[in-house]
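# Architecture and fold: a report
This is what each chain is made of:
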Amino acid sequence: MATPDGRVVSRPQRPGQGSGQKPKGSGACLHPLDSLEQRETQEQAPGQLIMLRKAQEFFQTCDAEGKGFIARRDMQKLHKELPLSLEELEDVFDALDADGNGYLTPEEFTTGFSHFFFSQNNPSQEDAGEQVTQHHEEQVYQSRGEEDLGNMDEDEEAQFQMLMDRLGAQKVLEDESDVKQLWLQLKKDEPHLLSNFEDFLTRIFSQLQEAHEEKNELECALKRKIAAYDEEIQHLYEEMEQQIKNEKEQFLLKDTERFQARSQELEQKLLCKEQELEQLTQKQKRLEGQCTALHHDKHETKTENNKLKLTNQELARELERTSQELQEAQQQLESLQQEACKLHQEKEMEVYRVTESLQREKAGLLKQLDFLRERNKHLRDERDICFQKDKAAKANTAASKASWKRRSGSVIGKYVDGRGILRSQSEEEEEVFGIPRRSSLGLSGYPLTEEEPGTGETGHGGPYPRPLRRIISIEEDPLPQLLDGGFEQPLSKCPEEEEVSDQGVQGQIQGSPPLKLTPTSPRGQPVGKEALCKEESAPSAPDRLFKIVFVGNSAVGKTSFLKRFCEDRFSPGMAATVGIDYRVKTVNVDDSQVALQLWDTAGQERYRCITQQFFRKADAVIVMYDLTAKQSFLSVRGWLSSVEEAVGDRVPVLLLGNKLDNEQEREVPRGLGEQLAKENNLIFYECSAYSGHNTKESLLHLARFLKEQEDTVREDTIQVGRLAKKKSCCG
Ligand SMILES: Nc1nc2c(ncn2[C@@H]2O[C@H](COP(=O)(O)OP(=O)(O)OP(=O)(O)O)[C@@H](O)[C@H]2O)c(=O)[nH]1
Ligand SMILES: [Ca+2]
Ligand SMILES: [Mg+2]
């Protein structure tokens, strides 16, 4: 906005105007110039006030944007309006910027001007103010233009020049026209301010000079610095160049080294590759060789292949032929085998029949033999008896010469007395010293005492002593002779269902069927073929024949058991068996006749060696103990081990606990017998010879077991025979 005197100044903004800010008084912020105005109003003299006012206006001129402070660039803008160069403006800015923060606050601005104007000649404040405003006006006057310059007269010129010279303005001012104009203006209008103006100019010039000098110094220092820097830079540059050179050399060195290393490496690799190449070429040659060889072989194999194919075809044809021939041969073979089997079966059956007939013949012959022997012995016995009688007569006549003569007769004669009793040492002594003798059984198990009370059978009628008995080892003769009462006991067939009455046993045993004796030939018949009386037709030969040895402690009841089994009789007070006795009994097992050869051994210790030898040929063994005599049970293990020694576990063993009828005197619980039987895989029964309980059942069980065992063995042998035949046929 223009002032009445033509000055162009910007209107100071009242707080709350323009940007819409509220005045600070009621809490609104005061504009910086307000503070100045307030200051004006409070403590300043009028001159100062004017000066301050001028300063304010000048501040506002500078602060064209109304920021409230003056920046460097605002000062620069005054360059057009003020006759000051940019440097001078800079110096003025720096002079006014008390705190050096790059901004001029109104305080710094007015303070700077007021200091300036009022520090001169202590002018009054109003003068200062006026001066400042005049100064300012002069500045404005400048804008009138240069036409006033021409009006200066020579004195003034000279004065001005003197002043300039005094101030040394030539050094700092390029163009004095502006100052001249101002000076003239002041001289005309307010000459009293001229001194101040001159002082101001002095100050400014001095400052300018100083600044100039400083600047020069700085420039010198700068130049020196620059020179130093240049030198340093030069030096650095040289060093850098040197370093770079070194680096380059090193780099080149390294590079060459690396290059050399790399080239060596590559050479080595090249060598390796060349070697590999050679190897590969050699390999390739080998492979080519092999390939040609293979090709060659291939051709050969092809030709061989063709030959083989031809031979293969021929072989195939031959194979067909041979397979046809083979089939024909197999058919023939099968037919032959069938014929062979038939023949074999016929042969077997023939053999079987032959063996059976042979066995029968053998049995018949044996019987005849026995019979003849018996007859023979009879005759001898009779002869002996006659002889003895003669002798007795002689002996009677020559009583004094009574002397024993050895009995002749059967080989056992010296051991067996006239009644066929085996004489033990004690018996001979008895005979001599007349000691009474215990009754004892004959070899055949028949009582040898005088006629048994109630026995239907006359043991041996008449005065004749019982016939002698012979032991024949189970080895020597499979069927030693049987004797009973002077007559041979034929193989008595005793099927369980046969009804026989037992006339012999003292008191009829309830429930046991009487035993029917088969008729025997009349006593004393001469020995000879005709000895076999007609009704004694040999029973049919048994289907099977098993030898069974009967062992156990003495008096456990073996003989009584066999008597019960064979004759269904029980004789109390049986005599101890001497050596071994023998019975045969044929039983019917599953519709087949099974002959059981029962060897009754003597339990007494002294006959142990005889009984041992009988185990070998046995098909089965029966071990008996007396359940009323614990010792006899404890001896069972001993019997089992001697059986084991002789026959191993090849033969079945039947364990019998006898005298079951004597329950009140039982000493061996049934469980012990069962346990022992289980441990040793034995057939076990508790029985009683006295009552007949379990006598047949136990032996039938054993007979059935033996028969089944033999059947399996027979089947196996037939199987084996067939296989062997097949092998031999096909062989
Ligand atoms: N209560 C009873 N007594 C029996 C039974 N079996 C045999 N006895 C009696 O026991 C005694 C001996 O009988 P034997 O048959 O001679 O005994 P053993 O085993 O043949 O004796 P050795 O011939 O010496 O081995 C005789 O007095 C028989 O009467 C039975 O089942 N019950
Ligand atoms: Ca400042
Ligand atoms: Mg006996």
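For the structure itself, look to the data block above.
The present account deals with the structure reproduced in this document. If you're wondering where the values come from, they're calculated on a predicted model, not measured in any experiment.

Once that is clear, we can look at the overall build of the chain. The number of helices and strands found in the chain is 17 helices and eight strands. For the chain, buried positions account for 38% of its 731 residues. In the chain, once contacts between residues fewer than 6 apart in sequence are set aside, the share between residues at least 24 apart is 67%.

All right, on to the pairing of strand 6 (residues 620-626) then. Buried residues dominate strand 6, accounting for seven of its seven residues. Burial along strand 6 is two-sided: the face carrying Ala620, Ile622, Met624 and Asp626 and the face carrying Val621, Val623 and Tyr625 are both buried. Across six bridges, strand 6 lies against strand 7 (residues 653-658) in parallel orientation. Looking at the pairing, Asp626 lines up with Asn658 of strand 7.

It is worth spelling out unusual backbone geometry at this point. With a phi close to 50 degrees, Asp590 is a non-glycine residue in the positive phi region. Position of Asp590 relative to the elements: it lies in the loop between strand 4 (580-589) and strand 5 (592-601).

Take the coordination of the magnesium ion (ligand 3) next. In this structure, Thr559 (OG1) and Thr577 (OG1) serve as the protein donors to the magnesium ion (ligand 3), at separations of 1.8 Å. Here the residue Thr559 occupies a position in helix 12 (residues 558-567), and Thr577 occupies one in the loop between helix 12 and strand 4, the gap between them amounting to 18 residues.

The reference angle at a metal is 109.5 degrees if four donors form a tetrahedron and 90 or 180 degrees if six donors form an octahedron. In the first shell of the calcium ion (ligand 2), the protein supplies Asp97 (OD), Asp99 (OD), Asn101 (OD1), Tyr103 (O), Glu108 (OE) and Glu108 (OE), at 2.1 to 2.7 Å from the metal. The coordination sphere of the calcium ion (ligand 2) comprises six donor atoms, whose angles at the metal cover 64 to 152 degrees; the geometry is irregular. Look at where the donors of the calcium ion (ligand 2) fall in the sequence and you get D-x1-D-x1-N-x1-Y-x4-E. What makes Asp99 partly exposed here is its relative accessible area of 48%. For Asn101, a relative accessible area of 39% corresponds to the partly exposed category.

Once that is clear, we can look at a negative patch on the surface. Together, Glu87, Asp91, Glu174, Asp175, Glu210, Glu213, Glu214 and Glu217 line one region of the surface with negative charge. Within the residue set of the negative patch, elements represented by two or more residues are helix 4 (86-96) and helix 10 (192-397). At four residues, the largest contribution of residues to the negative patch is made by helix 10. Inspection of the secondary structure assignment puts Asp91 in helix 4. Relative accessible area serves as the criterion here: at 30%, Asp91 is assigned to the partly exposed category.

In this section: the site of ligand 1. The environment of ligand 1 is formed by 25 residues, the closest being Ser554, Lys558, Thr559, Ser560 and Thr577. The separation between a nitrogen atom of ligand 1 and a polar side-chain atom of Asn658 is 3.4 Å. The contact in question runs from an oxygen atom of ligand 1 to an N or O atom on the backbone of Ala689, over 2.9 Å. Per-class residue counts for the shell around ligand 1 are ten nonpolar, twelve polar and three charged.

In contact at an axis separation of 11 Å, helix 7 (residues 154-167) and helix 9 (residues 177-189) are set at 120 degrees when each is read in the N-to-C sense. Relative to helix 9, the element helix 7 is oriented oblique. Note on packing geometry: the crossing formed by helix 7 with helix 9 is right-handed. Side by side, helix 7 and helix 9 meet where Glu156, Glu157, Gln159, Phe160, Gln161, Leu163 and Met164 of the first sit next to Val179, Lys180, Trp183, Leu184 and Lys187 of the second.

Its location among the elements puts Lys215 in helix 10. Exposure remark for Lys215: the relative accessible area of 34% places this residue in the partly exposed category. Setting aside anything within four residues of it in sequence, one finds Lys215 in contact with Glu210 and Cys220.

The next thing to look at is the packing of aromatic side chains. In this structure the tally under the stated criterion is eight aromatic pairs. Aromatic pair Phe160 and Trp183: ring centres 5.5 Å apart, planes at 55 degrees, arrangement tilted. Of this pair, Phe160 sits in helix 7 while Trp183 sits in helix 9, placing them 23 residues apart in sequence. On the basis of relative accessibility, which here comes to 0%, the residue Phe160 falls in the buried class.

Cut-offs applied
- Residue numbers restart at each chain and count upward from 1, following the sequence in its written direction.
- As a convention, the first chain written is A and the first ligand written is 1, with the rest following in written order.
- Local features in a predicted model are, by the rule used here, given only for residues with pLDDT of at least 70; side-chain atom pairs are given and counted only at 80 or more, and totals for whole chains, interfaces and linings are based on all residues.
- Excluded from the side-chain calculations are hydrogens and water; all other atoms, namely the structure's heavy atoms, are used.
- By the criteria applied, helices consist of DSSP H or I runs no shorter than four residues and strands consist of E runs no shorter than two, each listed in order from the N terminus.
- Here's how the labels work: a residue is buried when its accessible area is under 20% of the maximum for its type, exposed when over 50%, partly exposed in between, all with a 1.4 Å probe on protein chains only.
- When checking whether two residues touch, look at their non-hydrogen atoms; a contact exists if any pair is within 4.5 Å.
- Should DSSP find at least two bridges between two strands, the strands are taken to pair.
- Metal donors were taken as nitrogen, oxygen and sulfur atoms no farther than 2.8 Å from the ion, or 3.2 Å where the ion is Na, K or Ca. Water is excluded, so coordination may look unfinished.
- A site with four donors is called tetrahedral when every donor-metal-donor angle falls between 85 and 135 degrees; four donors are called square planar, and six octahedral, when opposite donors sit more than 155 degrees apart and all other angles fall between 65 and 115; any other arrangement is irregular.
- Residues qualify for a patch when their relative accessible area is over 30% and they have no salt bridge, like charges being joined within 9 Å and the nonpolar side chains of Val, Leu, Ile, Met, Phe, Trp and Tyr within 5 Å.
- In short, Shrake-Rupley with a 1.4 Å probe defines the accessible areas, and a residue's cover is counted only from the protein chains shown.
- Each salt bridge in this description consists of a side-chain nitrogen of Lys or Arg and a carboxyl oxygen of Asp or Glu lying within 4 Å of one another.
- All tallies of charge rest on Lys and Arg as positive and Asp and Glu as negative; His and the ends of each chain are not included.
- Charge placement uses NZ in Lys and CZ in Arg. For Asp and Glu, CG and CD serve respectively.
- We call a residue near a molecule or strand as soon as one heavy atom of that residue lies within 4 Å of the molecule or strand.
- Any pair of N or O atoms that falls within 3.5 Å is considered a polar contact. Within protein, one atom must be able to donate a hydrogen and the other to accept it, and sequence-neighbouring residues count only if both atoms are side-chain atoms.
- Any residue that is not Ala, Val, Leu, Ile, Met, Phe, Trp, Tyr, Cys, Pro, Asp, Glu, Lys or Arg is counted as polar, Gly included; the first ten are nonpolar and the last four charged.
- Working convention: axes come from line fits to C-alpha atoms, limited for helices to the stretch in contact. Angles between N-to-C directions cover 0 to 180 degrees.
- For classification purposes, an angle smaller than 35 degrees is called roughly parallel, one larger than 145 roughly antiparallel, one from 65 to 115 roughly perpendicular, and anything else oblique.
- Here is the rule for handedness: rotate from the far helix to the near one, and if that takes an anticlockwise turn smaller than a right angle the crossing is left-handed, while a clockwise turn gives right-handed.
- Pairing of aromatic side chains requires ring centres within 6.5 Å, counting the rings of Phe and Tyr and the six-membered ring of Trp. Pairs whose planes differ by under 30 degrees are stacked, by over 60 edge-to-face, and all others tilted.

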